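Single-letter residue listing:
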Amino acid sequence: MEEQIAELTAQVAALQGSSGVTNTMFAETFYYLTIPLMIIIHAGFLAYEMGASRLKNVLSSGVKNILAFAFMIPTFYFFGWWVYWGFPTGLPGAPGPAGISGVEYASAIAWGWGESAQYMGPNIADQASGVFFGAFALFAATTASIMSGAVIERIQTVGFVILAVVLGSFAWVVAAAWGWHADGWLVTQWGVHDFGAAGLVHAVAGFFALGVLINLGPRIGKFNADGSANHIAGHNMPLTVTGLMLIIVGFWGFLMACVIVPGEAWSWFADKPSTIYGTPITLSALAFNILMAIAGGIIGAWVLTRDPFWMMSGALAGIISTASGLDIYYPALAFIIAFSAGLILKPCATWLENRGIDDAVGAVTVHGTIGLYGVVLLGIFGAGYPSLQGAAGEVPTISLIGQIIGAVVFFLLGFVPGYAVSYVLKMMGMLRIPEGAEIAGMDMVKVPAEGYPEGIPAPGVNLAPGE
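In this text the structure is predicted, and so the values were computed from the model without any measurement. (Residues numbered from 1 in each chain as written. Predicted model: local features only at pLDDT ≥ 70, side-chain atom pairs only at ≥ 80, totals over all residues. Heavy atoms only, no water.)

### So, helix α10 (residues 308-323)
- A rise of 1.5 Å per residue sets the reference length of α10, with its 16 residues, at 22 Å; its end C-alpha atoms lie 23 Å apart and thus fit the reference within 8%.
- The element α10 is largely enclosed, with a buried count of 14 among its 16 residues.
- Of the residues flanking the start of α10, the one acting as N-cap is D307, its side-chain oxygen 2.8 Å from the backbone nitrogen of F309. (Helix = DSSP H or I, 4+ residues; strand = E, 2+ residues; numbered from the N terminus. Expected span 1.5 Å × (residues − 1). Buried < 20%, exposed > 50% of the residue type's maximum accessible area, 1.4 Å probe, protein only. Polar contact = N/O pair within 3.5 Å; in protein donor to acceptor, adjacent residues only side chain to side chain.)

Structure, rendered in structure tokens:
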């Protein structure tokens, strides 16, 4: 009998150990897979921006996008990740109530050297830090790519890289620390809730781009003397629309990475997934709401424009407008919100253009305006829901005033550094390419290659066989 009990005890222990390994492997694999999915976002932005560029600027737009991705990874590694953990409570970086923030805490886990290097490099005992870092680094790279599209065809490469680093490894990271962290002061004091980062990624990036555009100025030929705008068509609309669809594919990885899986020492729960705030969420809920949001945004834009570019931009707007509350909304509500975002998309872009802003791909509107629209709407439709994990009555709840405060902070964290840094670059002659280079085309003067070396015949020109 004692031998049987001992054998059963050993079997139970073995099963428990196996379960732990299985769950840890699942968690590591889960976040690992979000990284290539989010890289698809960058493949989409690459195609999107090159298609939206004229032939003479195709490769320069692509190079800029590739560099944004490349520079974001090391800068986020060396200081962006540290900022996220160091300043949720604001300056001077004091620890927060959950005990997972503050300068001392950040220095212990988020420097790439010294004692904390055990968390910032290969360590077979740590199956979380690398994949978490990778997911957040891709969030950072997304912000830079959002800004990238708005400024195509006239920005200097080095100036753009500086702006991308400021946005992706500082401005956005501060917004994430304040509003996307359990110790963030916007969360603990105002109940700000932004599950899918509509404000703290998209709005920050969109309004950072607006600050840059004010100093950068419009492309040559965009506006007439009377202030009216001319449409400057990209060279390849099918490529642009395909790029937008790839961004939608990548969004599944982006939003998947916003979920905290259960059963780990760092998880909120042992038996159920949660948001980054510790509130309930399931991948099943995301499946319902993301699909409805994509459809709603496309249909709303189609009703108003019939334009494939704005229809696919409407798909982005649909997801962004609902992102803050994807963990709360019912699918029908997600569809309605996304539909409304698709409807207002083109009018908002036209309003901005009528004020002399040349946003080449509508990034300020799609990501900035619609991002804040989604943050504020959650204050209406999600009012009273807990914004943070904890006992009822002891945690902050979502409110309209809290979401408005969050929206204002996200706007300022984007616009102010975008305007200030681009203004300094402008004064130093590092923001815009010379007029002659812009007229000739950036590929000719900035890139040692041609996008279409054989050339493309003008409309109506027929080439004989062999020509």
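Now that the structure has been shown, we can carry on.
### Section: the nonpolar core
- Core analysis: the largest hydrophobic core is formed by 124 residues, its most contacted members being W81, W172, W180 and F254.
- Per-element accounting of this core gives the leading share, 14 residues, to helix α4 (residues 129-150).
- Residues within four places of F254 in sequence aside, it is in contact with M38, I41, F139, T142, G196, A197, V201 and H202.
- Formed by seven residues, the second largest nonpolar core is a distinct cluster that contains A334, I337, L378 and I398. (Core = buried A, V, L, I, M, F, W, Y, C linked by side-chain atoms within 4.5 Å. Contact = heavy atoms within 4.5 Å.)

### Concerning the packing of α10 against helix α12 (residues 363-381)
- At a closest axis distance of 8 Å, the pairing of α10 and α12 adopts a crossing angle of 35°. Relative to α12, α10 is oriented so that their crossing is right-handed. Between α10 and α12, the residues in contact are S313, L316, A317, I320 and S321 and V366, H367, I370, G371, Y373 and G374, respectively.
- When the residues that make up the contact of α10 with α12 are grouped by side-chain class, the tally is six nonpolar, five polar and no charged. (Axes fitted to C-alpha atoms, helices over the stretch in contact; angles between N-to-C directions. Left-handed = near helix turned anticlockwise from the far one by under 90°. Nonpolar A, V, L, I, M, F, W, Y, C, P; charged D, E, K, R; others polar.)

### Regarding the layout of surface pockets
- Computed from the structure, the largest pocket encloses a volume of approximately 730 Å³.
- Every element with two or more residues in the lining of the largest pocket is listed here: α2 (58-86), α3 (103-109) and α4.
- Tallied by class, residues from the lining of the largest pocket come to 23 nonpolar, three polar and one charged.
- The computed volume of the second largest pocket comes to approximately 570 Å³.
- Lining the second largest pocket are 29 residues, and of these H231, I232, F309, W310 and A360 sit closest to its centre.
- Among the elements of the structure, α1 (2-52), α8 (237-256), α10 and α11 (331-353) are those that each provide at least two residues to the lining of the second largest pocket.
- Per-element accounting of the lining of the second largest pocket gives the leading share, five residues, to α11. (1 Å grid on protein atoms, 1.4 Å probe; cavity = no way out; pocket = protein on both sides within 12 Å on 5 of 7 lines; lining within 4 Å. Points joined across faces, edges and corners; volume = space filled by probe spheres on them.)

### Examining empty space enclosed by the protein
- Going through the model one piece at a time under the given rule, you end up with one cavity of 30 Å³ or more.
- What the largest cavity holds in volume is close to 30 Å³.
- For the largest cavity, the full set of lining residues is I41, F45, T142, I146, H202, I247, F251 and H367.
- Tallied by class, the residues present in the lining of the largest cavity amount to five nonpolar, three polar and no charged.

So yeah, pure geometry; function would need other evidence.
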